[in-house]
Amino acid sequence: MITREDIRELAQFQGSGPDCAISFYFQPPRPSNKSHREEAILAKDLVRHALRETEKNGRTGNARADLQRVLDLAAGLHGKETRAKAVFACGSRNIWREFDLPPLLPDTQLFVNRRFHLKALAVILGAQPHLWLVIVDRHRARFFDLHLDELKERESLFRALPRRGRGDGFAGYDAGHAERSVNDEILHHFKNVTEYLKQGQERGAFDGLIIGCQEINWHDVEPHLHPYVKKRLLGRFVADVGSVTEEHVREQANRILRESLDQHRRGLLSEVLGQARSNGRGVTGLRRVLRSLEMGEVQVLIMGENYSAHAVECASCGHLDAHIVRYCPVCGRSTRELEDVCDSIVPAAIRRDVELLYMKDEPALDHVGNIAALLRFRADQRKGIAAAS
Ligand SMILES: [Zn+2]
């Protein structure tokens, strides 16, 4: 399974030529689509076409060997796969990485470029954070792990059985005591569960948490949730520990995740736009976003789902410019044109741990050029503070 470390490593890569980084994405056909063969044939056609292009351009080195290897892999696809696939290759650097992904790619695609094409990967990872789910009642807690569409049930916690005292046989003699001890043990059980969650949060085991329980038990759990754990809580649903099915857990988790991501995106966008209007920690438009990225100011980068723009990149210092200029305004060396600036800013954002958000059909974002960023700070205003103090 792909990790953040993997994607960061791919984002570090910069090839020496325009065709040394090969990115191949395979999306199996949706179950509703009956023509399984088509997708597999399309995959092979894409690779064959790229092979012909490299030959036409007189490049017969590593790119060709890599593409041949991708073609062999595509030849083995029959379109009945249940997982999508991503392959990143650069033979001259000895890189060949293959990942299985949830079947949520927009398309089967092949890119031959200077850098790996990471947008599809960033979209999937952004939409599929690592979730923990806990289904809990007064006796038991079941823990599930949901990441990249794979649901796994892990451990269970059980409440210690009440101690049956010597007094049990004598009518009512120890009843009050026994009841207190049961209540103590229930309390202890809920504290155990929330302590377990706190430890998971502390070691970064999950990005988001979802709790399933009966309404009445929510009042038992909630007071014990650590504030940091609560911050990660995306939502909860009604469930019965004994009878809940994996199907139901998955369904509820996906629904809650979708709603919470929607809310998160909309909240961030309105924050960015508000901040940009007041000249605060928000910027909009490609030129301003590029400058903030270069200054290391960006915390969240928001783009329209199909955002793409021409730009130039300095071959020497890496400066990106929205103006198509032949010479770098920073160092004076020559620039090269980027057909799509995203090929460069997506890896840059991943390397710098910038959160990437893609939004679909959002008029407010469209209005400001389909690209915006929330900033951690503003370098110009920081200087102002330093000078004033
Ligand atoms: Zn430069």
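Let me begin by describing the structure that accompanies this report.

What counts and what doesn't
Residues numbered from 1 in each chain as written. Predicted model: local features only at pLDDT ≥ 70, side-chain atom pairs only at ≥ 80, totals over all residues. Heavy atoms only, no water. Pairing = 2+ DSSP bridges. Helix = DSSP H or I, 4+ residues; strand = E, 2+ residues; numbered from the N terminus. Axes fitted to C-alpha atoms, helices over the stretch in contact; angles between N-to-C directions. Contact = heavy atoms within 4.5 Å. Donors = N, O, S within 2.8 Å, 3.2 Å for Na, K, Ca; no water. Tetrahedral: all angles 85-135°; square planar, octahedral: opposite > 155°, others 65-115°. Buried < 20%, exposed > 50% of the residue type's maximum accessible area, 1.4 Å probe, protein only. Parallel < 35°, antiparallel > 145°, perpendicular 65-115°, else oblique. Left-handed = near helix turned anticlockwise from the far one by under 90°. Arc of directions from axis to C-beta. Expected span 1.5 Å × (residues − 1). Salt bridge = Lys/Arg side-chain N within 4 Å of Asp/Glu carboxyl O. Core = buried A, V, L, I, M, F, W, Y, C linked by side-chain atoms within 4.5 Å.

### Focus: the sheet that holds strand β6 (residues 140-147)
One open sheet holds the five strands; their spatial order is β7-β6-β5-β8-β9, and the pairing between them is mixed. Since the sheet does not close on itself, it has two edges, and those belong to β7 (150-158) and β9 (233-237), each with one partner. Sheet twist, expressed as the average angle between the axes of neighbouring strands with direction ignored, equals 20 degrees. Here strand β8 (residues 208-213) pairs with β9 via four bridges, running parallel. Within β9, the position partnered with Gly 212 by the bridge is Phe 237. The sheet strands contacting helix α8 (residues 246-277) are β5 (131-136), β6, β7, β8 and β9, and the helix crosses β9 at an angle near 135 degrees.

### Notes on the coordination of the zinc ion
Taken together, Cys 314 (SG), Cys 317 (SG), Cys 328 (SG) and Cys 331 (SG) make up the protein donors of the zinc ion, found 2.2 to 2.4 Å from the metal. Each of the four donor atoms bound to the zinc ion contributes to angles spanning 98 to 120 degrees, and the resulting shape is tetrahedral. The sequence motif formed by the donor residues of the zinc ion is C-x2-C-x10-C-x2-C. Here Cys 317 is found in the loop between β12 (311-314) and β13 (320-321), whereas its partner Cys 331 is found in the loop between β13 and β14 (335-338), with 14 residues between them in sequence. Look at Cys 317 and you get partly exposed, because its relative accessible area is 40%. Of the residues examined, Cys 331 reaches a relative accessible area of 34% and is grouped as partly exposed.

### So, the packing of helix α1 (residues 4-12) against helix α10 (residues 342-351)
Look at α1 against α10: their axes get within 8 Å of each other, and the N-to-C directions meet at 130 degrees. By the angle between their axes, α1 is oblique relative to α10. Seen from above, α1 lies across α10 with left-handed handedness. For the pair formed by α1 and α10, the contact residues are Ile 7, Arg 8, Ala 11 and Gln 12 on the first element and Pro 347, Ile 350 and Arg 351 on the second.

### Notes on α1
Restricting attention to buried positions, one finds in α1 the residues Asp 6, Ile 7, Leu 10 and Ala 11. Projected onto a plane normal to the axis of α1, the buried residues spread over an arc of 135 degrees and lie on a single side. Residues Arg 4 and Gln 12 are exposed on α1 and point more than 90 degrees away from its buried face. Contacts made by the buried residues of α1 are with β2 (84-90), β3 (95-101), α4 (119-127) and α10.

### Re the environment of Leu 104
When you line up the elements, Leu 104 lands in the loop between β3 and β4 (109-113). Those residues in contact with Leu 104 that sit more than four places away from it in its chain are Gln 27, Ile 124 and Gln 128.

### Looking at α8
Over its 32 residues, α8 extends 46 Å from the first C-alpha to the last, a length consistent with the 46 Å expected when each residue adds 1.5 Å. Of the residues making up α8, those classed as buried are Val 249, Gln 252, Ala 253, Ile 256, Leu 257, Ser 260, Leu 261, Arg 265, Leu 268, Leu 269, Val 272 and Leu 273. Of the residues trailing α8, Asn 279 is marked for its positive phi of about 65 degrees.

### Regarding the pattern of salt bridges
Taken as a whole, this structure holds 26 salt bridges when the rule is applied. Residue Asp 207 is joined to Arg 4 by a salt bridge in which the shortest nitrogen-to-oxygen separation is 3.0 Å. Of this pair, Asp 207 sits in the loop between α5 (175-202) and β8 while Arg 4 sits in helix α1, and the two are 203 residues apart along the sequence. With a closest N to O distance of 3.9 Å, Glu 150 and Lys 152 form a salt bridge. Assessed through its relative accessible area of 29%, Glu 150 is described here as partly exposed. On the basis of relative accessible area, Lys 152 is assigned to the partly exposed category, the value being 48%. In the salt-bridge network here, residues are joined through shared partners; they are Glu 5, Arg 8 and Asp 353.

### A short note on the nonpolar core
Core analysis: the biggest nonpolar cluster contains 48 residues, and Phe 88, Leu 118, Leu 121, Leu 301 and Met 303 have the highest contact counts within it. Not counting the four nearest positions on each side in its chain, Met 303 is found in contact with Cys 342, Ile 345, Val 346, Leu 356, Leu 357, Tyr 358, Met 359, Leu 365, Asn 370 and Ile 371.

### Quick look at unusual backbone geometry
Look at Asp 353: it is not a glycine, yet its phi comes out positive at around 60 degrees. When you line up the elements, Asp 353 lands in the loop between α10 and β15 (355-359). Located in the positive-phi region is Asp 361, a residue other than glycine, with phi close to 45 degrees. You can see Asp 361 is positioned in the loop between β15 and α11 (363-367).

### Considerations on the sheet that holds β4
The strands that make up a sheet pair up through hydrogen bonds in the backbone, lying either parallel or antiparallel. Spatially, the four strands line up as an open sheet ordered β3-β2-β1-β4, and their pairing is antiparallel. Each edge of the sheet is formed by a strand with only one pairing partner; in this case those strands are β3 and β4. Geometrically, the sheet is characterised by an average inter-axis angle of 10 degrees between neighbouring strands, direction not taken into account. Bridge count for strand β1 (residues 21-26) against β2 is five bridges, and the pairing is antiparallel.

Keep in mind these values describe shape, not function.
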